[in-house]
Amino acid sequence: MVPVAETIAATRAAVAAARSAGRVVALVPTMGALHAGHAELVRVARRLAGPLGCVVASVFVNPTQFGPGEDFDRYPRALEADRRLCGEAGADLVFHPSVAEMYPGRPVAYVDVSELGDHLCGPSRPGHFRGVCTVVLKLLNIVQPDLSVFGAKDAQQVRILRRMVADLDVPGRVEVAPTVREADGLAMSSRNAYLKSDERAAAPGIYAALLATRDRYARGERDAARLEAALRADLAAIPGARVDYASVVDDETMQPVARLDRPALVAVAVSLGRTRLIDNVTLS
Ligand code: AMP
């Protein structure tokens, strides 16, 4: 079984030993309740760090990225299963701190990445990206990895984190692994476990709508408003779906675009019952 470190000190000691043995260190931050998407991140980290590398997966449900009324309390927690999955995917260490270990007092220092959070998930989840950036910077400071791996499923998150790392000169590379999907196209997510059976049956419609958008783009449509309107109509046809946003934005700045004359991201957030799901495709 992969060892689990519950303290920052134990994690730092394990990483220091690996580093002094000349091993490349890789970090995969997660909130646990791991699935095949997370396993892919660990495998990518293992491949990039090399067979002798040291791959650390963190499992921490970070309270500061959840808003009031969000699912922090009911977010699934499954450490033993996570530990197995991390081991099978090639991790060397699981860092599983308590909230008190990560936030021993009320923190007053935060990382805010402006502008990139103005659209998509930013407005509907105030404070979310600040919480994400702050905890990821803490994890990067604790592990000080040569590289860290994030998933393309959380497209806005990964662009914000890349920008944080670039603007603040945080050492280490940020790598992105592709979205892993169920056979019917639904992006894997720890939150899929919340879906009731009718919601689960409807959920693949989200990716189908994104693929239809990609088709319209491939057929030559370059008007963002028309693409968005057709996407919204497709999403509205999913039984029980409530669309939070369905937007075409510049792939780098995350700002709205009018014409698709440069790479763009099509991102959606859709609620089915009490479960909010996000997904995206890129157009270029
Ligand atoms: P989470 O545990 O949901 O906070 O996600 C931890 C990391 O796993 C993030 O970098 C996510 O983007 C990534 N991730 C989550 N779901 C998937 C997926 N279906 N495919 C690839 N990466 C994912």
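Structure's up top.
What counts and what doesn't
Residues numbered from 1 in each chain as written. Predicted model: local features only at pLDDT ≥ 70, side-chain atom pairs only at ≥ 80, totals over all residues. Heavy atoms only, no water. Near = heavy atom within 4 Å. Polar contact = N/O pair within 3.5 Å; in protein donor to acceptor, adjacent residues only side chain to side chain. Areas by Shrake-Rupley, 256 points an atom, 1.4 Å probe, with all protein chains shown as cover. Helix = DSSP H or I, 4+ residues; strand = E, 2+ residues; numbered from the N terminus. Buried < 20%, exposed > 50% of the residue type's maximum accessible area, 1.4 Å probe, protein only. Pairing = 2+ DSSP bridges. Right-handed = clockwise from strand over helix to strand, strands pointing away. Axes fitted to C-alpha atoms, helices over the stretch in contact; angles between N-to-C directions. Parallel < 35°, antiparallel > 145°, perpendicular 65-115°, else oblique. Contact = heavy atoms within 4.5 Å. Nonpolar A, V, L, I, M, F, W, Y, C, P; charged D, E, K, R; others polar.

A.B. asks: Explanation requested: the site of the ligand in the structure shown.
C.D. replies: Taken together, 17 residues are adjacent to the ligand, and His38, Gly151, Asp154, Val180 and Met188 come closest. Taking glycine 151, its main chain carries an N or O atom lying 2.9 Å from an oxygen atom of the ligand. Here the ligand loses 93% of its free accessible area of 480 Å² to cover by the protein chains. Elements supplying a minimum of two residues to the shell around the ligand: β2 (25–30), α2 (36–49) and β5 (147–151). Element by element, the count of residues in the shell around the ligand is highest for α2, at three residues.

A.B. asks: Help me understand the pairing of β2 in this model?
C.D. replies: If a strand is regular, its side chains alternate between the two faces of the sheet. With six of six residues buried, β2 is to be regarded as a mostly interior element. Of the two faces of β2, the one holding Val25, Leu27 and Pro29 and the one holding Ala26, Val28 and Thr30 are both buried throughout. Both β2 and strand β3 (residues 54–59) contribute to a ladder of six bridges, which runs parallel. Its bridge partner lying in β3, valine 28 is registered against alanine 57. In this fold, the crossover linking β2 to β3 by way of α2 has right-handed handedness.

A.B. asks: Even after reading the chapter, I still don't get the packing of helix α1 (residues 8–20) against helix α6 (residues 128–143), so can you show me in this structure?
C.D. replies: To characterise two packed helices, one gives the angle between the axes of the helices and the distance between these axes. Orientation of α1 relative to α6, taken along the N-to-C sense of each, is 50 degrees, at an axis distance of 8 Å. Relative to α6, the element α1 is oriented oblique. When α1 is examined against α6, the residues Ile8, Thr11, Arg12, Val15 and Arg19 are found in contact with a partner set consisting of Asn141, Ile142 and Val143. In terms of residue class, the contact of α1 with α6 is built from four nonpolar, two polar and two charged.

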